[in-house]
Structures are given as structure tokens and as C-alpha cells.
Amino acid sequence: MIERVAVLSDIHGALPALEAVLAEPDVAAADLIVLTGDIAAGPQPVEVLDLLAALGERACWVGGNADRELVEARAGRPAKIEVSDWAATQLRDDQVARLAGLPPTVTLPVAGLGDVLFCHATPRDDEEVVLVDSRLERWAEVFAGLPPEVGTVVCGHTHMPFTRLVDRRLVVNPGSVGMPYGGAGAWWALLGPGVQLRRTGYDVDAACARVAAESGFPDAAAWADEYLRSRHSDADALTVFGPRDGR
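Fair warning: this is a prediction, and the values are worked out from it, not measured in the lab.

When helices and strands are counted, the chain shows 10 helices and 10 strands. For a compact globule of 247 residues, the expected C-alpha radius of gyration is about 18 Å, and the chain comes in at 17 Å, within 12% of that figure. Each of the three principal axes of the chain carries a C-alpha extent, and together these read 50 × 40 × 35 Å. The burial tally for the chain puts 56% of its 247 residues in the buried class.

Residue position: Glu24 is located in the loop between α1 (15-22) and α2 (25-28). Buried charge Glu24 goes without a salt bridge, the closest partner of opposite sign being Arg198 at 4.5 Å. Among all residues touching Glu24, those that are not within four sequence positions of it are Trp188, Arg198 and Thr200.

A few words on the nonpolar core. Among the nonpolar cores identified, the biggest contains 58 residues, and Leu8, Leu52, Trp223 and Leu228 are the most heavily contacted of them. Among the elements that line this core, the one with the most residues is α1, at six residues. Within the second largest apolar cluster, 18 residues are counted, among which are Val34, Val62, Val106 and Val116.

This brings us to the layout of surface pockets. Approximately 650 Å³ is the volume found for the largest pocket. Around the largest pocket, the lining comprises 28 residues; the ones closest to its centre are Ile81, His159, Met179, Tyr181 and Tyr227. Counting only elements with at least two residues in the lining of the largest pocket, the list comes to α4 (65-74), α5 (82-90), α9 (220-227) and α10 (234-241). Looking at side-chain class alone, the lining of the largest pocket contains 13 nonpolar, six polar and nine charged residues.

Here the focus is the pattern of salt bridges. Under the counting rule described, the total for this entry stands at 20 salt bridges. Where Asp133 meets Arg247, a salt bridge forms, and the shortest distance between an N and an O atom there is 2.8 Å. In this pair, Asp133 sits in the loop between β5 (114-119) and α7 (136-142) while Arg247 sits in the segment after α10, placing the two residues 114 residues apart along the sequence. On the basis of relative accessible area, Asp133 is assigned to the partly exposed category, the value being 42%. Across the pair Asp245 and Arg247 runs a salt bridge, and its minimum N-O distance is 2.8 Å. For Asp245, a relative accessible area of 1% puts it in the buried group. In the salt-bridge network here, residues are joined through shared partners; they are Arg68, Glu72, Arg77, Lys80, Asp126 and Glu127.

Attention now moves to the UniProt feature "domain: Calcineurin-like phosphoesterase" (unreviewed entry) in the chain. Residues given the UniProt feature "domain: Calcineurin-like phosphoesterase" (unreviewed entry) here are residues 4-185. For residues 4-185, the end-to-end C-alpha separation is 22 Å, with 30% helix and 22% strand making up the annotated structure.

Bringing the pairing of strand β9 (residues 186-191) into the picture now. On a regular strand, one side chain projects to one face of the sheet and the next to the other, so that they alternate. With five of six residues buried, β9 is to be regarded as a mostly interior element. With three bridges joining them, strand β1 (residues 5-8) and β9 adopt antiparallel strand pairing. Residue Ala6 lies in a different strand from β9, and its bridge partner there is Leu190. In this sheet, strand β10 (residues 195-200) lies alongside β9 in antiparallel orientation, the contact comprising six bridges. Bridge pairing links Leu190 to Gln196 in β10.

Glancing now at the pairing of strand β4 (residues 105-110). Of the two faces of β4, only the one carrying Val106, Leu108 and Val110 is buried; Thr105, Thr107 and Pro109 on the other face are not. Note: β4 against β5, six bridges, orientation antiparallel. Across the sheet, Leu108 pairs through a bridge with Val116, a residue of β5. Connecting β4 to the next strand, β5, in antiparallel fashion are three residues, including Gly112 with a positive phi near 85°.

Rules of the game
- Residues numbered from 1 in each chain as written.
- Predicted model: local features only at pLDDT ≥ 70, side-chain atom pairs only at ≥ 80, totals over all residues.
- Heavy atoms only, no water.
- Helix = DSSP H or I, 4+ residues; strand = E, 2+ residues; numbered from the N terminus.
- Rg over C-alpha atoms; globule rule 2.2 N^0.38 Å.
- Buried < 20%, exposed > 50% of the residue type's maximum accessible area, 1.4 Å probe, protein only.
- Lys, Arg positive; Asp, Glu negative; His and termini not counted.
- Salt bridge = Lys/Arg side-chain N within 4 Å of Asp/Glu carboxyl O.
- Contact = heavy atoms within 4.5 Å.
- Core = buried A, V, L, I, M, F, W, Y, C linked by side-chain atoms within 4.5 Å.
- 1 Å grid on protein atoms, 1.4 Å probe; cavity = no way out; pocket = protein on both sides within 12 Å on 5 of 7 lines; lining within 4 Å.
- Points joined across faces, edges and corners; volume = space filled by probe spheres on them.
- Nonpolar A, V, L, I, M, F, W, Y, C, P; charged D, E, K, R; others polar.
- UniProt positions renumbered as here; feature names shortened; annotations may be inferred.
- Pairing = 2+ DSSP bridges.

Written as C-alpha cells, this is what we have:
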């Protein structure tokens, strides 16, 4: 049984945001750090992957759709987003191999929560959408086939933090470290024995300047301004994502 788990999702190659979260005392003291996908697709992919690799066995990696798309782009299939195509060209072969081998789900025993399934979008798919206000029928559909002993599911993908019950099963979305919708800062979650949704504040102006100066991505300054400053509200994101959950 793992006593404390820090969950970091959707880092998207944003090194200053990741460094801020890893400096949190509760993250440093956690027994395990679980990464729930979309790790490197952003302006500082090599640096983010190297920093996370240095955590060794303290980190448990789960793959997301953007990680898969980086691998596909490296193999000659263009990604949907410009920064992902660029990031794929920056990665070393060992980093591409690591992303290619990431599991889609991991189930771990967490104190106070029992068996917790970690995934990127849903347990069955790395890019389908479920939201805090998705109807119960939709949740039942994406959870079909889950073992009954899995009492908590942790997912990311939509970059908006929430917790909710779904027919007695707890669902947790930690939000996004590097591309938050709804408010600047790096969002994450702490599990065990309960669930805490956490936000780490950092100097966003300095982070934007650093990304612009250190990244080779041609539009790094604009990327940082849009995403590190959280220009998109949660209301905007829900409006865009809502039709994708089958409502």
C-alpha cells in the first residue's frame, strides 16, 4: 500500500512549471510520483524528459495521446499540433523509445483509496473526453469492464481539475501542470489517505521569458504567453470539449 502519491498530468514540455511542482515539499516527500500522460509535447521536451528520468523509480509513467503522437511524428506521421511536430524532432532516440513503451494504464494500491487506476483520458482510450459535468451514462460507458475493486480512477487530458463521484466510484482529474485551463499555476493532486487538488504558484512572467529564451521552438514566446498565463478559461474549455463527450 502506497501512503502518498503525487499526480502530475499534462506537463506538455513546460520546464519551469514542472520544476515548481517538483520543488513542493509534499511532492518531494511523496512515496511515488505518477505522471498521467502528455508529458513532453511542448517547448522544452528534452529537458522535461531528462528531469523526470532523473527521478528514477520514484516516478511511474503513463502514456497520453500527445506522447503517442510524438512517437508517430518521429516515424513520419505528422502530429496535429505544430509544437508536437517540432518536439518530435528534438527528442533523442532513447527518449522516443521510452515514450513508445509507456503503458496506457497503471493500477496501484493507495492508502485510504484502495486500488486506484491511473490513465490519461479514460481507461480504454487515450484521447476520448469525459468532463466534470458528463452524464452518468457516458461515465458508465467509458468505465465498462473495469474491475469492481477499482474504486478510484485518476485521469487527465482535459486540463481542468475536478473530483466527483460516479456511481460510488471516485474520479479525480488533477488538472494540468503546463497548460492549465481556468487559472495560471501548475495544477496537480495529492492522493492518500484522501484526495487533495493542489495548485503551485510560480513567477509566470519569469517562466514565460525563460521558455522564450531557452526553447528552440520558433513560437515559444507565444506558446508560453497563451498557456503558462492560462489565457483559456475553464468555461471556454468546457464549451469546446463538451460536444466531444457525446452529450
